[in-house]
Amino acid sequence: MKTGEFDALCDKLVCPACHGRLEAQESRLACTKCGSHYAPNRHGYIEFRVDQTGEDVYEQDTTPDEYAETQEYCGLRLFDEYTKPVILSTPFKSVLDVGCGMGMGTSELLEDGYDAYGIDLPNMARFWARAGKDPAHFFCCDAARLPFPDESFDVVYSLGVIEHIGSVSGYSTLCDNYTEIRQNYADELLRVTRPGGRILIACPNKHFPIDIQHGPQDDLSTETLIGKVRAMIYSKTGANIHPTWGKNHLLSYSEVRDLFCTKGGARGFEAMHLRGYFGFSKFERKSLKPLLHVARFYIENLPGFLRKTGLNPYMLARITK
Ligand SMILES: [Zn+2]
């Protein structure tokens, strides 16, 4: 990144720690208020790390190439078949993808002329570099500490992210204060959204007993009989059965509404349809193939009044600030 590009970034970003003004200093950004500084990592993307202590997910390049390739393919399909049509249904100019992964949606929106940004943890940076993503639109940061000024975006979306917020390792084992961390995440997404702007949040529905996206490597995977039965069912069918109550990394509709509306102050909360959201690749396995059409029909045609209930496998909410 050149000096002029750093200057341009100072006009549209703020310090994620204190929201103070940033200024360009040679090859980094410095906060004029708290003195924090942020520099590009070895892949060329600025790391807005606030917490400089603790377990260092920021220095790991552990994401395997195959995972990234699958994400690239699935991310593009999801974006084209679901996210894009949903966000295009209301006029917008600026958009942020929180947990953008390979950033397929952000790239497509940039090509279409929108002011689009993607953020994710630094383990995505080497894939962004390989794909030539613009370092002025992709940043490494924490989802609960964003480097954008208040009310920057018309649309913010964060899909399959919230269930990992407040976890110890970024997967599913929860920290003691996970509710507080999740509230910080909700408040931060609301902060960068303009009044009247929309936020899309998605994760498997805690009230539905099968998690269709994650494996059974969580707090509940123990050496007990129930734990073993659960692992066996998963290995045979790919269905991860879990309790629908208590401490669990998944969220229900009411928990998400509580974070964003009751506590966060958002005005609107809508349970969205799921047409086009899933690629149903799990149903490629032989044992599940006969169920593909039934599952697709069920998930895509669940009546609106049942969407917020435990009959819906997925939590997909559109929140209006
Ligand atoms: Zn600062």
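Here the structure is shown first, and the text comes after it.
A brief look at the structure comes next. (Residues numbered from 1 in each chain as written. Predicted model: local features only at pLDDT ≥ 70, side-chain atom pairs only at ≥ 80, totals over all residues. Heavy atoms only, no water.)

Here the focus is the sheet that holds strand 12 (residues 268–271). Spatial ordering of the open sheet is given by 4-7-6-5-8-9-13-12, a layout of eight strands whose pairing is mixed. Each edge of the open sheet carries a strand with a single partner, namely strand 4 (47–48) and strand 12. In this structure, strand 5 (residues 94–98) lies alongside strand 8 (residues 153–159), joined through three bridges in parallel fashion. For Asp-97, the partnering residue across the bridge sits in strand 8 and is Tyr-157. (Pairing = 2+ DSSP bridges. Helix = DSSP H or I, 4+ residues; strand = E, 2+ residues; numbered from the N terminus.)

What follows deals with the environment of Ala-8. The residue Ala-8 is located in helix 1 (residues 3–12) in this model. In this structure the C-alpha to C-alpha distance between Ala-8 and Ala-136, which are 128 residues apart in sequence, comes to 8.9 Å.

Moving on: the coordination of the zinc ion. Surrounding the zinc ion are the protein donor atoms Cys-15 (SG), Cys-18 (SG), Cys-31 (SG) and Cys-34 (SG), which sit 2.2 to 2.3 Å from the metal. Each of the four donor atoms around the zinc ion contributes to a set of angles spanning 96 to 115 degrees, which defines the coordination as tetrahedral. (Donors = N, O, S within 2.8 Å, 3.2 Å for Na, K, Ca; no water. Tetrahedral: all angles 85-135°; square planar, octahedral: opposite > 155°, others 65-115°.)

The subject of this paragraph is the sheet that holds strand 2 (residues 28–31). The three strands are arranged 1-2-3 in an open sheet whose pairing can be described as antiparallel. The sheet is open, and its two edges are formed by strand 1 (22–25) and strand 3 (37–38), each paired on a single side. The pairing of strand 1 with strand 2 spans four bridges and is classified as antiparallel. Bridge pairing in strand 2 places Ala-24 opposite Leu-29.

Attention shifts here to a nonpolar patch on the surface. A surface patch of nonpolar side chains, about 290 Å² in accessible area, is lined by Leu-225, Val-229 and Met-232. Structurally, Val-229 can be placed in helix 6 (residues 225–237). (Patch = residues over 30% accessible without salt bridge, like charges linked within 9 Å, V, L, I, M, F, W, Y side chains within 5 Å. Areas by Shrake-Rupley, 256 points an atom, 1.4 Å probe, with all protein chains shown as cover. Salt bridge = Lys/Arg side-chain N within 4 Å of Asp/Glu carboxyl O.)

Let's shift gears to unusual backbone geometry. We note that His-19 has phi near 65 degrees; this positive angle belongs to a residue other than glycine. Inspection of the secondary structure assignment puts His-19 in the loop between helix 1 and strand 1. His-19 gets classed as partly exposed once you look at its relative accessible area, which sits at 36%. Positioned with a positive phi, Glu-151 is a non-glycine residue whose angle comes to about 55 degrees. Along the chain, Glu-151 turns up in the loop between strand 7 (138–141) and strand 8. Assessed through its relative accessible area of 46%, Glu-151 is described here as partly exposed. (Buried < 20%, exposed > 50% of the residue type's maximum accessible area, 1.4 Å probe, protein only.)

Next up on the list: the pattern of salt bridges. For the structure on display, the rule yields ten salt bridges. For the salt bridge of Asp-258 with Lys-263, the shortest nitrogen-to-oxygen distance reads 2.6 Å. By relative accessible area, which is 28% here, Asp-258 ends up partly exposed. Taking the relative accessible area as the measure of exposure, Lys-263 reaches 55% and is therefore exposed. A single salt-bridge network, built from bridges that share partners, covers Lys-84, Glu-108 and Asp-112.

Keep in mind that these numbers describe shape and distance, not what the molecule does.
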